[in-house]
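# Examination of the molecular architecture
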Amino acid sequence: MAGLKLLAKSPLILELSNFVMAESSEKEKRKPTVIITIGMAGSGKTTFVQRLNAHLHQAESPPYILNLDPAVANLPYDPNIDIRDTVDYAQVMKQ
């Protein structure tokens, strides 16, 4: 749980919070923001996306999330598009 507290105070989360909370008129003029989250196993990708998703929902600006990891067992959020719906990871590993 201490890791989550550290993540909440990280400069990246704070900067994203400031970015997301920009004025609505400015928001309408901007192109969509795309965040691609990659990293080693256990590096906090899922936690980061979960926290960002929760923050954006709270700010009434729900994100559009794609899960492109067919091997992930479960996600603490519901992606809009999930590669697991079309790719059977176990079958791919057998080939």
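First, a word on scope: everything that follows refers to the structure included in this document. (Residues numbered from 1 in each chain as written. Predicted model: local features only at pLDDT ≥ 70, side-chain atom pairs only at ≥ 80, totals over all residues. Heavy atoms only, no water.)

### Let's talk about the pattern of salt bridges
Working definition: two side chains of opposite charge can pair if their charged atoms are close together. Following the criterion strictly, the structure yields 1 salt bridge and no others. A salt bridge links Arg 84 to Asp 82, with the shortest nitrogen-to-oxygen separation between them at 2.6 Å. Judged by its relative accessible area of 27%, Arg 84 is partly exposed. Among the residues examined, Asp 82 registers a relative accessible area of 10% and is labelled buried. (Salt bridge = Lys/Arg side-chain N within 4 Å of Asp/Glu carboxyl O. Buried < 20%, exposed > 50% of the residue type's maximum accessible area, 1.4 Å probe, protein only.)

### Quick word on helix α4 (residues 45-58)
Turn by turn, an α-helix covers 3.6 residues, leaving residues three or four places apart pointing in a common direction. With 14 residues, α4 should cover 20 Å at 1.5 Å per step; its first-to-last C-alpha distance of 20 Å lies within 8% of that length. Restricting attention to buried positions, one finds in α4 the residues Phe 48, Val 49, Leu 52, Asn 53 and Leu 56. One side of α4 carries all its buried residues, which in axial view fall inside an arc of 130 degrees. Phi turns positive, to about 55 degrees, at Glu 60, one or two residues after α4. (Helix = DSSP H or I, 4+ residues; strand = E, 2+ residues; numbered from the N terminus. Expected span 1.5 Å × (residues − 1). Arc of directions from axis to C-beta.)

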